[in-house]
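Structure assessment
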Amino acid sequence: MAAGTGRGPRTREHGPRAGEAARAHALAALRQAILNGDFAPGQRLIEEELAGTLGVTRQSLRAALLDLTAEGLVERIPNRGARVRAVSTEEAVAITECRMALEALCAAKAAERITDEEAAQLRDFAETIKRAVGERNALKYSELNRELHRRIGVISGQHIAVGLIERLHGQLVRHQFQLALRPGRPEVSLGEHLAILYAVADRRPADADQAVRVHLASVISALQAGPSTS
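Residues numbered from 1 in each chain as written. Predicted model: local features only at pLDDT ≥ 70, side-chain atom pairs only at ≥ 80, totals over all residues. Heavy atoms only, no water.

1. Section: the packing of helix H2 (residues 47-54) against helix H3 (residues 58-70)
Across the interface, H2 lies against H3 with an axial gap of 9 Å and an inter-helix angle of 105°. Looking at the two axes, H2 sits roughly perpendicular to H3. Between H2 and H3, the contacting residues are Glu47, Glu48, Leu50, Ala51 and Leu54 on the first element and Arg58, Leu61, Arg62 and Leu65 on the second. For the contact of H2 with H3, a count of residues per class yields 5 nonpolar, no polar and 4 charged. (Axes fitted to C-alpha atoms, helices over the stretch in contact; angles between N-to-C directions. Helix = DSSP H or I, 4+ residues; strand = E, 2+ residues; numbered from the N terminus. Parallel < 35°, antiparallel > 145°, perpendicular 65-115°, else oblique. Contact = heavy atoms within 4.5 Å. Nonpolar A, V, L, I, M, F, W, Y, C, P; charged D, E, K, R; others polar.)

2. Here's the deal with the sheet that holds strand S1 (residues 44-45)
What the 3 strands build is an open sheet, ordered S1-S3-S2; its pairing is antiparallel. The sheet is open, and its two edges are formed by S1 and strand S2 (74-77), each paired on a single side. The pairing of S1 with strand S3 (residues 81-84) spans 2 bridges and is antiparallel. Looking at S3, one finds that Leu45 is bridged to Ala82. (Pairing = 2+ DSSP bridges.)

3. Points about the pairing of S3
Of the strand pairs in this sheet, S2 and S3 are connected by 4 bridges, and their pairing is antiparallel. The residue bridging Ile77 from the neighbouring strand is Gly81, located in S3. Linkage of S2 to S3, two consecutive antiparallel strands, is achieved through a turn of 3 residues, within which Asn79 is found at a positive phi near 65°.

4. Some thoughts on helix H6 (residues 138-156)
The end-to-end C-alpha distance of H6, which contains 19 residues, comes to 27 Å, matching closely the 27 Å that a straight helix rising 1.5 Å per residue would cover. Capping the start of H6, Asn137 holds a side-chain oxygen 3.0 Å from the backbone nitrogen of Lys140, two or three residues further along. Residue Gly157 follows H6 closely and has a positive phi angle near 75°. (Expected span 1.5 Å × (residues − 1). Polar contact = N/O pair within 3.5 Å; in protein donor to acceptor, adjacent residues only side chain to side chain.)

5. Some remarks on the environment of Thr128
Among the secondary structure elements, Thr128 is positioned in helix H5 (residues 116-134). Separated by 50 residues in the primary sequence, Thr128 and Pro78 place their C-alpha atoms 47 Å from one another.

6. A word on the packing of helix H4 (residues 89-113) against helix H7 (residues 159-170)
Relative orientation of the contacting elements H4 and H7 amounts to 150°, with a least axis distance of 10 Å. Taken as axis vectors, H4 and H7 run roughly antiparallel relative to one another. The two elements H4 and H7 cross, and the hand of that crossing is left-handed. The residues of H7 that touch H4, namely those facing Ile95, Cys98, Arg99, Leu102, Glu103, Leu105 and Cys106, are Ala161, Val162, Leu164, Ile165 and Leu168. In the contact of H4 with H7, the residues fall into 10 nonpolar, no polar and 2 charged. (Left-handed = near helix turned anticlockwise from the far one by under 90°.)

7. Considering the nonpolar core
Ranked by internal contacts, the top residues of the largest apolar core, which has 45 residues, are Leu122, Ile129, Leu148, Ile152, Leu197 and Val200. Broken down by element, the residue count for this core peaks at 10 residues, all from H4. If near-sequence neighbours (up to four positions away) are discounted, Val200 is found in contact with Ala107, Ala110, Ala111, Ile114, Leu122, Ile152 and Ala208. Residues Ala64, Leu68, Leu73 and Ala82 belong to the second largest nonpolar core, which totals 21 residues. (Core = buried A, V, L, I, M, F, W, Y, C linked by side-chain atoms within 4.5 Å. Buried < 20%, exposed > 50% of the residue type's maximum accessible area, 1.4 Å probe, protein only.)

8. Things to note about the confidence of the model for the protein chain
Averaged over every residue, the pLDDT of the protein chain is 87; the share at 70 or more is 91%. For residues 1-6, every residue scores under 50 in pLDDT, and the model assigns this stretch 22 contacts once sequence neighbours within four places are set aside. (pLDDT = per-residue confidence, 0-100.)

9. Regarding helix H10 (residues 205-225)
Over its 21 residues, H10 extends 30 Å from the first C-alpha to the last, a length consistent with the 30 Å expected when each residue adds 1.5 Å. All of the buried residues along H10 are Ala208, Ala211, Val212, His215, Leu216, Ser218, Val219, Ile220, Ala222 and Leu223. Once H10 ends, the next one or two residues include Gly226, with phi positive near 80°.

10. Looking at the layout of surface pockets
Empty space among the atoms can be located by rolling a probe the size of a water molecule over them. A volume near 960 Å³ is recorded for the largest pocket. Forming the boundary of the largest pocket are 43 residues, of which Asn145, Arg146, His149, His169 and Gln176 lie nearest the centre. Breaking the lining of the largest pocket down by element, the ones donating at least two residues are helix H1 (19-35), H4, H6, H7, helix H8 (173-180), helix H9 (185-201) and H10. Counting residues per element, the lining of the largest pocket draws most heavily on H6, at 10 residues. Split into classes, the residues belonging to the lining of the largest pocket amount to 20 nonpolar, 12 polar and 11 charged. (1 Å grid on protein atoms, 1.4 Å probe; cavity = no way out; pocket = protein on both sides within 12 Å on 5 of 7 lines; lining within 4 Å. Points joined across faces, edges and corners; volume = space filled by probe spheres on them.)

11. Here we look at the side chain of Thr96
If you trace the backbone, Thr96 turns up in helix H4. Looking at Thr96, the relative accessible area reads 1%, which means it is buried. Looking at Thr96, its side chain comes within polar contact range of the main-chain oxygen of Ala92, at 2.7 Å. Dropping the residues within four chain positions of it, Thr96 is found in contact with Leu172, Leu216, Val219, Ile220 and Leu223.

Structure representation (structure tokens):
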């Protein structure tokens, strides 16, 4: 994931589009660009420029920005337009505390619902995560962590909780990226993620719930500690 590269969404070759399809296209493209780190926190989102880049009308682009504002990814400044919302450490901690309750629920439900095939796939996935840490590939490990949480959410069948988690996660991407690059952090969180994974795969709901809480409490402590100087 690129951190604040400024690349933005890809340029479209076709003329402006309007209506619901255009709004949905702009929403998806801008959301992905923000989550990828292509826009830096606080970066202005210029409507005319983005509408041209995405091949949609300014009205459709503006509607997409309103949706992203509701998701907490964008903020609108009076008389200055929209910009990527910067999430403070205090907010990141509060959001992670909310995630703790939702993700613990999903992990416990996943442990109750998981099939033999899904359990085998999770155990195979554990080996992939271990390799990423062994190869010191922090970016790959960060991506695999998100995939693990996504898989557990799907297995849980808790669609409402998963939707809420996705919205919360979008606001934390920048902080999670920075944590993944912090020296020693992947080795710490690997054991925490494996504890969640194996508790779900072994059908231990109470342990899965507790493992999520331990992991996210560790994330909160890391956020509060600030950047490492080592």
